[in-house]
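# Per-entry structural report
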Amino acid sequence: VATAAAAVTELVGDQASGWDRAGQLPEDVVRKLGAAGQLTAQIPARYGGPGWSSTDSGEFTAHVGSLCSSLRSVMTSQGMAAWTVERLGDPEQAAELLPRLTSGDTAAVAFSEPQAGSDLSAVATTVTVDGDTLSLTGRKKWVTAAEYADLFLVVARMGEDGAVVVVPRNAPGVQMRPVADPLGCRAAGHAEVLLDDVRLPLSSLLGGGRQPLSMLVTTALAYGRISVAWGCVGILRACVTAAVGHARSREQFGQPLGRHQLVARHLADLWTAEQVATRACEYASRCWDENAPDLFTAVVLAKYVSAGHAAKGAAAAVQVLASAGAQDGHLVARAYRDAKLMEIIEGSNEMCQLMLADHALSRR
Ligand code: FAD
């Protein structure tokens, strides 16, 4: 993990702010990480992946998140796609798709639609079967990494049930419209994906399709949530470093900022946020690695805690740096914008609260 982290540090260098402002990652950076299997760190060696534990993969994700949340977002999408194939695909699909995803091909996962945001039971994209082909029609929005993706995993309705359809980006009937000027993660390649009677072989249905929609969504999102949670740990670590460095070096009223108690309180809260988020993620990853019964709740908890702390922590970091950080191009300004989005995606704060409340209510 340490070697991979050092390689990413070198690959990203000081370019993350430039990528953010340009709204684009260099494609060779994405391909290079993909080809090294580092966008799919938990995929086992038999499919060409590194086969890391969730804990190791999480620490690596946090490292990437500390450098560039856009790149981390692409990593989350790719990891979620690979996990979904591993989990839901039949052995032939896993044998065909996973080696592609661990060797440079890229993928994005499309759930959300204009009328289906938090409520994914409202998904209207529909797959119908016509002889030995399927037809897919619908409209997906805010698909992270869509601009870099060779494949889309599209969550659709199939009769009374659901299905995940593997759609090549260049299939006839697929169109993309990039999301203009996102608040944060600006280089993550978000796009709307329009599907107009996309015709594909039936083998494009992961596991044959006709699975409960809620099960499909929960399966894919579990990976997305833990990955985003670790990415938030990375945002917090970068903010701690920036805020502490500034509070040590800048003086006002004859002493370093960090010696003023109200600034010190920001630092204490920020460091606490990073520690609490890390512990929540470590626990969730341990549950993941042990397939513990508490896994679902631990992952939602980690996502909720880490996203909330990252949003508050990044705001505190901007406050400590004040004018020195209040500019596009500064790490804490980018963290502030990126962290806010983490409270929306993969189950918003409110959705997480509802799930955690359900858990609390169901306990004796
Ligand atoms: P809505 O569902 O309309 O919710 C609006 C507000 O109401 C939120 O605060 C929500 O929490 C609250 N709310 C809704 N229902 C309830 C309720 N019952 N109780 C309490 N509060 C409620 N989608 C994909 O499919 N793939 C991706 O890769 C992807 N990446 C994304 C990346 C970014 C940066 C963003 C911003 C979005 C992305 N999305 C993606 C979409 C994302 O999953 C949705 O934005 C998210 O699920 C929330 O849906 P919504 O925006 O439609 O908000």
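Relevant structure appears above.
Residues numbered from 1 in each chain as written. Predicted model: local features only at pLDDT ≥ 70, side-chain atom pairs only at ≥ 80, totals over all residues. Heavy atoms only, no water.

On to the packing of aromatic side chains, then. What the rule picks out here adds up to three aromatic pairs. Geometrically, the ring pair formed by Trp 83 and Trp 288 is tilted, given 4.8 Å between the ring centres and 50 degrees between the ring planes. Of this pair, Trp 83 sits in helix α5 (residues 69–88) while Trp 288 sits in helix α8 (residues 261–290), and the two are 205 residues apart along the sequence. A network of ring pairs unites the aromatic residues Trp 83, Tyr 223 and Trp 288 as a single cluster. (Phe/Tyr/Trp six-rings, centres within 6.5 Å; stacked < 30°, edge-to-face > 60°. Helix = DSSP H or I, 4+ residues; strand = E, 2+ residues; numbered from the N terminus.)

Now for the pattern of salt bridges. Going through the model one piece at a time under the given rule, you end up with 17 salt bridges. The residue Arg 199 makes a salt bridge to Asp 130 at a minimum N-O spacing of 3.2 Å. Of this pair, Arg 199 sits in strand β7 (residues 191–201) while Asp 130 sits in strand β2 (residues 126–130), placing them 69 residues apart in sequence. We note a salt bridge from Arg 279 to Glu 282, for which the minimum N-O separation is 2.9 Å. (Salt bridge = Lys/Arg side-chain N within 4 Å of Asp/Glu carboxyl O.)

Let us now look at the layout of surface pockets. Empty space within the largest pocket amounts to approximately 1,000 Å³. Lining the largest pocket we find 40 residues, and of these Ser 112, Gly 117, Leu 120, Glu 346 and Gly 347 sit closest to its centre. Contributing elements (two or more residues each) for the lining of the largest pocket: α5, β1 (107–110), β3 (133–143), α7 (213–249), α10 (331–342) and α11 (349–362). Class assignment for the residues of the lining of the largest pocket results in 21 nonpolar, 13 polar and six charged. Here the second largest pocket defines a volume of roughly 260 Å³. When residues of the lining of the second largest pocket are traced back to their parent elements, those giving at least two are α5, α7 and α9 (295–321). (1 Å grid on protein atoms, 1.4 Å probe; cavity = no way out; pocket = protein on both sides within 12 Å on 5 of 7 lines; lining within 4 Å. Points joined across faces, edges and corners; volume = space filled by probe spheres on them. Nonpolar A, V, L, I, M, F, W, Y, C, P; charged D, E, K, R; others polar.)

This model, assessed by the stated rule, comprises three cavities of 30 Å³ or more. Put simply, the largest cavity is a space of about 70 Å³. Taken together, Gly 65, Ser 66, Leu 67, Cys 68, Ser 69, Ile 235, Ala 238, Leu 331, Arg 334, Ala 335 and Asp 338 form the lining of the largest cavity. Mapped onto the lining of the largest cavity, the elements with two or more residues apiece are α4 (54–67), α7 and α10. Counting residues per element, the lining of the largest cavity draws most heavily on α10, which supplies four residues. Put simply, the second largest cavity is a space of about 40 Å³.

Residues Phe 111, Leu 153, Leu 206 and Met 342 are the most contacted members of the largest nonpolar core, which totals 75 residues. Tallying contributions element by element places α7 first for this core, with 19 residues. Other than its neighbours up to four places away in sequence, Met 342 contacts Arg 72, Cys 185, Val 228, Cys 232, Ile 235, Lys 303 and Ala 307. Of all hydrophobic cores here, the second largest spans 46 residues; its members include Phe 60, Val 74, Val 167 and Leu 205. (Core = buried A, V, L, I, M, F, W, Y, C linked by side-chain atoms within 4.5 Å. Buried < 20%, exposed > 50% of the residue type's maximum accessible area, 1.4 Å probe, protein only. Contact = heavy atoms within 4.5 Å.)

Let us now look at the pairing of β7. Regular strands place their side chains on alternate faces of the sheet. Pairing between β3 and β7: eight bridges, direction antiparallel. Looking across to β7, one finds that Gly 138 is bridged to Leu 195. Of the strand pairs in this sheet, strand β6 (residues 174–178) and β7 are connected by five bridges, and their pairing is antiparallel. Paired with Gln 175 across the strands is Leu 194, a residue of β7. (Pairing = 2+ DSSP bridges.)

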